[in-house]
Amino acid sequence: MAQAKSNSQDDPATGATGDPASEEAHAEARQAIELGKIRAKSEHPDEPAPLDLKDPPPSADGISLPETPDKVQPLPADQTPPEEQQKQLEGIQTVEELEKKKYKSTEAFKGDGEDVKPGSKGDEEDAKQSSRTNGEVDSSTKGTSLSDGPGEVVNEHDGPGPLGPGAHAIEGIGTPGMDNELAAQSQVSTVNAAGEDLATGVPTGDPQVAAYLVDDPGVPVAEVMPIMPFFQRKEGRRTVAVVGVLLSALAILLGVFLTKNNKGQGEDEGQLSEFPSLLPTDLPSSMPSFDARSTLAIVQDRGVLNCGVEDTVEGGAVQFGEYTGDLCRQVAANVLGDPGKVNLVKVGADRFERLHGRDVDLLIAGEESTMAKAVREPTTGGTFLFGYPYYGATVHYIGLQKYVQCAVEQKRFGECKDLSICAYDTSDIRDLMTAFFPGPFVQFGPFPEMEKSLKNGTCNVLLSDTYRIYGSSLQEDIDILTNSGKYFVSDFHIARKQLGQVTRFEDGEWFNIVEGTRHWSAKAFQFGIGKDDSSCPATNGDEFDGSVNFFNGVYCVGNYGEIFQRSLGSHVIGVSSRYITMVDAVKFGPLTCDDCENIIDTDPYLREIVDAGKLKCGIYLDPLLNITTTSVSTLIAEQLCRAIAVAIFQGKPNAAEISYLEEMDFSKFPDEFDVMLGMSWEDAMSNDEGDLLPRRADEWAPSIAYFFHDKYMYKGIKNIGVGKADIFMTNAKRAPRNAQRFPFLVLAIFMAIVDAQRRGISRANFNKMPLIEFFGEGLSFIGRDVVAFAGNYDDIFEEAYAKSDGLIERGWNTVLPNSGRAPRMPTMFCDNLGVCPPAEFAFDIAPGAYYWNWEY
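None of these values were measured; they are calculated from a predicted model. (Residues numbered from 1 in each chain as written. Predicted model: local features only at pLDDT ≥ 70, side-chain atom pairs only at ≥ 80, totals over all residues. Heavy atoms only, no water.)

**Points about the overall build of the protein chain**
Moving on, step 1. Along its length, the protein chain carries 22 helices and 27 strands.
Moving on, step 2. A buried classification covers 52% of the 856 residues belonging to the protein chain.
Moving on, step 3. Across the protein chain, every contact between residues at least 6 apart in sequence was considered, and the portion connecting residues at least 24 apart equals 74%. (Helix = DSSP H or I, 4+ residues; strand = E, 2+ residues; numbered from the N terminus. Buried < 20%, exposed > 50% of the residue type's maximum accessible area, 1.4 Å probe, protein only. Contact = heavy atoms within 4.5 Å.)

**Side note on unusual backbone geometry**
Moving on, step 1. In the Ramachandran plot, N626 falls in the positive-phi region, its phi being about 55° despite a non-glycine side chain.
Moving on, step 2. Summarising the element assignment, N626 is placed in the loop between β17 (615–620) and α18 (632–648).
Moving on, step 3. Among the residues examined, N626 registers a relative accessible area of 55% and is labelled exposed.
Moving on, step 4. Despite not being glycine, Q650 has its phi angle at roughly 55°, a positive value.

**A short note on the packing of aromatic side chains**
Moving on, step 1. Counted by the stated rule, this structure contains 29 aromatic pairs.
Moving on, step 2. When the ring of Y323 is compared with that of F564, the centres are 6.2 Å apart and the planes differ by 75°; the resulting orientation is edge-to-face. With Y323 in helix α6 (residues 318–336) and F564 in helix α15 (residues 560–568), the pair connects residues that are 241 residues apart, well separated along the chain. Here Y323 and F564 have matching classes, each one buried.
Moving on, step 3. Seen in terms of ring centroids, F669 and W700 are 4.9 Å apart; in terms of plane orientation they differ by 55°. Their pairing is tilted. Of this pair, F669 sits in the loop between β18 (656–661) and β19 (675–679) while W700 sits in strand β20 (residues 700–708), and the two are 31 residues apart along the sequence. (Phe/Tyr/Trp six-rings, centres within 6.5 Å; stacked < 30°, edge-to-face > 60°.)

**Concerning the pairing of strand β11 (residues 461–465)**
Moving on, step 1. Counted residue by residue, β11 has five buried out of five residues, so it is predominantly covered.
Moving on, step 2. Relative to β11, strand β8 (residues 391–399) is paired through five bridges, and the arrangement is antiparallel. From the neighbouring strand, G399 faces β11, where its bridge partner is V461.
Moving on, step 3. Taken together, the three bridges between strand β9 (residues 421–424) and β11 define a ladder with parallel strand orientation. Each bridged residue has a counterpart across the sheet, and for C422 the counterpart in β11 is L462. (Pairing = 2+ DSSP bridges.)

**Details of the sheet that holds strand β25 (residues 828–829)**
Working definition: the strands of a sheet are paired by backbone hydrogen bonds and lie parallel or antiparallel to each other.
Moving on, step 1. Read across the sheet, four strands follow the order β25-β16-β27-β26 without closing on themselves; strand pairing throughout is mixed. Both outer strands of the open sheet, β25 and β26 (843–846), are each paired with one neighbouring strand and no more.
Moving on, step 2. Here three bridges tie β26 to strand β27 (residues 849–853), and the two strands are oriented antiparallel to one another. Counterpart to D844 in the pairing with β27 is Y850.

**Examining the packing of α6 against α15**
Moving on, step 1. Following both chains from N to C, one finds α6 and α15 inclined at 150°, their axes separated by 8 Å at the closest point. Classified by the interaxial angle, the pair formed by α6 and α15 is roughly antiparallel. Considering only the axes of α6 and α15, their crossing is right-handed. Listed contacts from α15 to Q319, F320, E322, Y323, D326 and Q330 of α6 are Y560, I563, F564, R566, S567 and L568.
Moving on, step 2. When grouped by side-chain class, the residues that make up the contact of α6 with α15 number six nonpolar, three polar and three charged. (Axes fitted to C-alpha atoms, helices over the stretch in contact; angles between N-to-C directions. Parallel < 35°, antiparallel > 145°, perpendicular 65-115°, else oblique. Left-handed = near helix turned anticlockwise from the far one by under 90°. Nonpolar A, V, L, I, M, F, W, Y, C, P; charged D, E, K, R; others polar.)

**Regarding the nonpolar core**
Moving on, step 1. Counting residues in hydrophobic clusters, the biggest one holds 158 residues, and the most contacted among them are Y391, W510, M676, F742, L745, F774 and F775.
Moving on, step 2. Element by element, the count of residues in this core is highest for helix α20 (residues 742–759), at 13 residues.
Moving on, step 3. Here F774 is in contact with M371, A372, V375, F588, P590, L591, C593 and C596, once residues within four sequence places are set aside.
Moving on, step 4. Judged by nonpolar contacts, the second largest core, of 35 residues, contains C406, L419, F447 and I478. (Core = buried A, V, L, I, M, F, W, Y, C linked by side-chain atoms within 4.5 Å.)

**Quick notes on the pattern of salt bridges**
Moving on, step 1. Considering all chains together, one arrives at 35 salt bridges under this definition.
Moving on, step 2. Between E368 and K587 there is a salt bridge, with the nearest N and O atoms lying 3.0 Å from each other. Residue E368 is found in the loop between β6 (362–363) and α8 (371–375), and its partner K587 is found in the loop between β16 (571–575) and α16 (599–602); the two are separated by 219 residues along the sequence.
Moving on, step 3. Across the pair R518 and E515 runs a salt bridge whose closest N-O atoms are separated by 2.8 Å. With a gap of three residues between them, R518 and E515 both fall in helix α13 (residues 508–527), about one helical turn apart.
Moving on, step 4. Assessed through its relative accessible area of 22%, R518 is described here as partly exposed.
Moving on, step 5. It is possible to trace a salt-bridge network through shared partners that takes in E310, D465, R468 and K497. (Salt bridge = Lys/Arg side-chain N within 4 Å of Asp/Glu carboxyl O.)

**Re the pairing of strand β10 (residues 442–445)**
Sheet faces and side chains relate simply in a regular strand, where the side chains alternate between the two faces.
Moving on, step 1. Summarising the sheet, β9 and β10 pair through four bridges and their orientation is parallel. By the bridge assignment, C422 is partnered in β10 with Q443.
Moving on, step 2. Taken together, β9, helix α10 (residues 427–436) and β10 constitute a β-α-β crossover, and its handedness is right-handed. (Right-handed = clockwise from strand over helix to strand, strands pointing away.)

**Brief notes about the state of the cysteines**
Put plainly, a disulfide is one covalent bond tying together the sulfur atoms of two cysteines.
Moving on, step 1. Scanning the model with the defined rule gives seven disulfides in all.
Moving on, step 2. Disulfide pairing is shown between C406 and C416; the S-S distance is 2.0 Å. Because the torsion about its S-S bond is -75°, the bridge between C406 and C416 counts as left-handed. Residue C406 is located in helix α9 (residues 401–409), and its partner C416 is located in the loop between α9 and β9; the two are separated by ten residues in the primary sequence. (Disulfide = S-S within 2.5 Å.)

**What about the side chain of S490?**
Moving on, step 1. Note that S490 resides in the loop between β12 (488–489) and β13 (492–493).
Moving on, step 2. The class for S490 is buried, based on a relative accessible area of 2%.
Moving on, step 3. There is a polar contact of 2.9 Å between the side chain of S490 and the backbone oxygen of F492.
Moving on, step 4. Look past the residues within four positions of S490 in its chain and what remains in contact with it is H396, Y397, V404, V408 and R824. (Polar contact = N/O pair within 3.5 Å; in protein donor to acceptor, adjacent residues only side chain to side chain.)

**A few points about the sheet that holds β20**
Moving on, step 1. The five strands are arranged β18-β17-β19-β23-β20 in an open sheet whose pairing can be described as mixed. Where the open sheet ends on each side, the last strands, each with one partner, are β18 and β20. Strand-to-strand twist in this sheet, taken as the mean axis angle between neighbours without regard to direction, amounts to 20°.
Moving on, step 2. One ladder, built from three bridges, connects β17 with β19; its direction is parallel. Looking across to β19, one finds that C617 is bridged to V675.
Moving on, step 3. Where α20 meets the sheet, it contacts β17, β19, β20 and β23 (725–731), and its direction lies at approximately 10° from that of β20.

**Considerations on the side chain of D361**
Moving on, step 1. Residue placement: D361 occurs in the loop between α7 (351–356) and β6.
Moving on, step 2. Overall, the relative accessible area of 0% leaves D361 in the buried class.
Moving on, step 3. Reaching out from D361, the side chain makes a polar contact with the side chain of R302 at a distance of 2.8 Å.

**Comments concerning α9**
Moving on, step 1. When α9 is considered as a whole, its buried residues turn out to be Y403, V404, C406 and A407. Viewed end-on, α9 has its buried residues packed into an arc of 160°, placing them on one side of the element.
Moving on, step 2. Lining the buried residues of α9 we find β8, β9, β11 and β12. (Arc of directions from axis to C-beta.)

**Points about the confidence of the model for the protein chain**
Moving on, step 1. Chain-level pLDDT for the protein chain is 75 on average; 65% of the residues reach the 70-or-more range.
Moving on, step 2. A low-confidence stretch, residues 1–80 stays under pLDDT 50, and its non-local contacts, those more than four residues away or across chains, total 196 contacts. (pLDDT = per-residue confidence, 0-100.)

**Notes on the packing of α6 against α13**
Moving on, step 1. Viewed as axis vectors pointing N to C, α6 and α13 meet at an angle of 115°, and their least axial separation amounts to 10 Å. Judged by the inter-axis angle, α6 sits roughly perpendicular to α13. Judged by the twist between their axes, the crossing of α6 over α13 is right-handed. Residue-level contacts link Q330, V331, N334 and V335 of α6 to W510, I513, T517 and S521 of α13.
Moving on, step 2. Tallied by class, the residues present in the contact of α6 with α13 amount to four nonpolar, four polar and no charged.

Here it is in structure tokens:
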């Protein structure tokens, strides 16, 4: 702490009055540092003039200085002694270092008290301050004053080195990098015995400044203690302890609530619940979970399957609701031994949130499968697994025949000027209709409302899925065979929705259980195995041992044909050629994505392939079907391997390294390969007895079917009909499942080939293929690259067949179109299952097509 005195004579630059009596001012300056304070008081009792520090002009070190006079007068010998000045000091508080009687420089500060940051204007001013220590005067400080009083100044010293006699009382102001502390404990004078300023060597005159160190043992010195974080202080530790105990108690109560068995659920078969059990399910997952077990383990311990279904009462598809309910009951029978242990949970637009949040174990809720939803579903941002479609819903017009024809031809003028369409409101139907017709011609809403509008004449055409139309009262006004009832149904469908069951992405075992349920339900229909109470664990008295067997769902609920007939009707169609189109792929959905990551960087599986510089592709040659390297299915597999390499390695088909395997150990994925072809789902996951083979889901990740054989094997017997479906297989253990995107990439490559077929795109016009952005910028051209190399599906098949041994015909291997002529009602195709009724009971409905209304 220092006390400053100033005397000045007339000086127009400083505004001094020229009064011979020296003007003394009482100065008080405050700088807030941890616990320090500076005060200066005027020695003149008649003129107390406190310094005003509200808005002083800034100088280099943050203190405003007046113009330095030419001469500085030496300090008179009769100045007030240090003992008297010491009595005037009040409230001295210093930091711990002051006990060592040293000065420590402070951080530079501006006139308003803010710190000067490195690289700011304060750095430039430091250079000016340094020049003053070498005897220079900074012109930028001329004419400035620290107070309203004339001639009041504060000298300063910024010279480097340890402080000693003659140093300024406030050392280091404006010196960056030093602690912001003030010190004054030893007596200091700014002049030497010759009357020269110690810092500059210039003879001193008025104004004169004296600084004294005050060291009064009677004045207590405050020690500065560091401010500790709250949790390290005593009261903080107590608070943390109390909160920890409360949270532990809450966690215990929550765990008890979530894990207790809800015995009351599912006792009534088909019970529809608004509020399902909130028990969590399977890990690993992108969401937190209270239970690290698999979905299968959780469901079996819970004793109830929570199956998310569409509210078909509100949606106008009660019969379809019964159909999807049966599919849920099949899963429950397979994993719990009892089809009644199912809780049908109504879901709506929040369906993915409820699946992601573990309110339900799976979705069979009329959800259309698309690649975009699988990769990143928009409402949750999550990734999901869609199974093979359990129903292909075609979208038709129904209404007055004249206006149905107008709608099919998209006419809006002349005789069609009164066209008015009521459309069931879904995102895909809305997208279609807004592209076909202007707004005034179409209104959207729930099916019951649209159905009512058609009946009361508000609109003259209704657009919806056939399963809703034939599940409503409209079927009373439709003649299925002659199409001559009150309402006419268009022969052509404008869209097709592939409805797939949905599971969480991380649990491959659970996905294969759900997929196996669908697969064996269709196979059982093909084999002639159906509902049998004597074989159902829930009714035959046998104790269920917890093992998953896919025939339990068939025995307890029925096979695919029985379920379809019971809920959707007994309409059956066959064709004279015996073969129908079977090659299919779901839609891509929205292809744009502004922030999707490049999966080459994020997927360790794919990154490993890229770093190796080659794709290692294995093709299984099934000896039971006499498959060789010259079989058409093998040659197609080869071209698909090269197409994958083209997509990954930017147009390099030779990056595919292809090997052939005549023997396979299906219990594990061969680690020497990146992708396998020539296998079927049941090769890896099940056996002829319908058992789910343990731990296979940890090895194999099945994908889409690219070829259907015309024969199938069952218990060693070769049968005619849709046979083994060759699919892509990837390695489930190659990388954490929740990080794997390579299986999606393989799927997308085949989808692009099928999509090109449907769009009429081949090598000649490959650039019409859309960009696929949801794999990241590095792979957005995969559709164009693949089609430019391999062509569409027909191109691949025909070129492979021309090189093959000719022993396998085309059979079922034609792409199923998404629009065109289709049945006007929910219909089973009997040919692909080899279960067509006798031809003498059929009706000819079109050239080469036959219809039965057949009770199985």
